[in-house]
Amino acid sequence: MKILLAVDGSDYTKRMLSYLAAHKDALGAGHAYTVFYAVLPVTHRAAAFAGPELVHGYYEDDARVVLGPVRTFLSEHGIEAAFVHKVGHPAEEIASYAEAGNFDLLVMGSHGAGALKNLVLGSVATKVLARCSVPVLLVR
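The structure contained in this document is the topic of the report that follows. (Residues numbered from 1 in each chain as written. Predicted model: local features only at pLDDT ≥ 70, side-chain atom pairs only at ≥ 80, totals over all residues. Heavy atoms only, no water.)

### Regarding the overall build of the chain
To keep it simple, the criterion reads: We count a stretch as a helix when DSSP gives it H or I for four or more residues in a row; a strand needs E for two or more, and each element gets its number in order from the N terminus. Our radius of gyration looks at C-alpha atoms and nothing else; its globule reference is 2.2 Å times the residue count to the power 0.38. Note on contacts: a residue pair is in contact if any heavy atoms of the two residues lie within 4.5 Å. Accessible surface is estimated by sampling points in the Shrake-Rupley manner with a 1.4 Å probe; for residues, cover comes only from the protein chains shown. Residues counted as positive are Lys and Arg, residues counted as negative are Asp and Glu, and His and the chain ends are not counted. A charge is said to be at NZ when it belongs to Lys, at CZ for Arg, at CG for Asp and at CD for Glu.
Assigned secondary structure in the chain consists of seven helices and five strands. Written out in order from the N terminus, the α and β elements of the chain read β-α-α-β-α-α-β-α-β-α-α-β. Taken against the 2.2 N^0.38 rule, which gives 14 Å for 140 residues, the C-alpha radius of gyration of the chain at 15 Å falls within 12% of a compact globule. Its C-alpha atoms put the chain at 50 × 35 × 25 Å along the principal axes. Partitioning the intrachain contacts of the chain with sequence separation of at least 6 by distance along the chain shows that 78% fall at a separation of at least 24. Of the roughly 8,000 Å² that the chain leaves accessible, carbon and sulfur atoms contribute 56%. The averaged location of the 13 negative side-chain charges in the chain is 6 Å from the averaged location of its 12 positive side-chain charges.

In structure tokens:
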């Protein structure tokens, strides 16, 4: 099975990874894993002021900070994975990558915000569910 793990470096990512490790019989080694992180874009004004090299360095550093612990965790649990990061809105990038990559399952942590907060602010998980036809496993 091709499994996409959407991460953001939060405690919810850690919960999702712990769930993955605890369910090795269903989700452990033997599947093809890709870990995906969407870096929020820098505003146009900030990018113009900082310049392309500094902005690119920011994106790379941010991805390294988020993906490094995930890489270590998966390695310690014997799970090999490819690592990808894109610049853009997380929900759009996750859904788009999941669709384009023909993944069998998308696994992501969810903050579990209340219905009112989701109605007003929305959530990445809610937006991914609305945009993606790939089955999604949300871990709270």
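Okay, back to it.
### Notes on unusual backbone geometry
Unlike most non-glycine residues, N102 shows phi in positive territory, near 50°. On the secondary structure map, N102 appears in the loop between α5 (90-100) and β4 (105-109).

### Overview of the layout of surface pockets
To be explicit about the condition: Both site types are read off a 1 Å grid over the protein atoms alone. A 1.4 Å probe that fits but cannot get out defines a cavity, while an open set with protein on both sides within 12 Å along at least five of seven lines defines a pocket; lining residues have an atom within 4 Å of a point. Grid points are joined across faces, edges and corners, and a volume is the space filled by probe spheres set on the points.
Looking at the second largest pocket, its volume works out to about 180 Å³. In terms of lining residues, the second largest pocket is bounded by 13 residues, among which T13, K14, L17, P69 and V70 are the most central. Residue assignment for the lining of the second largest pocket shows that the elements contributing at least two residues are α1 (11-22) and α4 (52-76). With seven residues, the top contributor of residues to the lining of the second largest pocket is α4.

### Description of the sheet that holds strand β2 (residues 32-39)
Quick note on the threshold: Two strands pair if DSSP finds at least two bridges between them. Convention adopted: a line fitted to C-alpha atoms gives each axis, helices being fitted over their contacting stretch, and angles between N-to-C directions are expressed from 0 to 180 degrees.
Spatially, the five strands line up as an open sheet ordered β3-β2-β1-β4-β5, and their pairing is parallel. In this open sheet, the two edge strands, each paired with only one partner strand, are β3 (81-87) and β5 (136-139). Here the average twist between neighbouring strands, direction ignored, is 20°. Inspection of the sheet shows strand β1 (residues 2-6) paired to β2 by five bridges, in the parallel sense. Bridging from a neighbouring strand, L4 pairs with T34 of β2.

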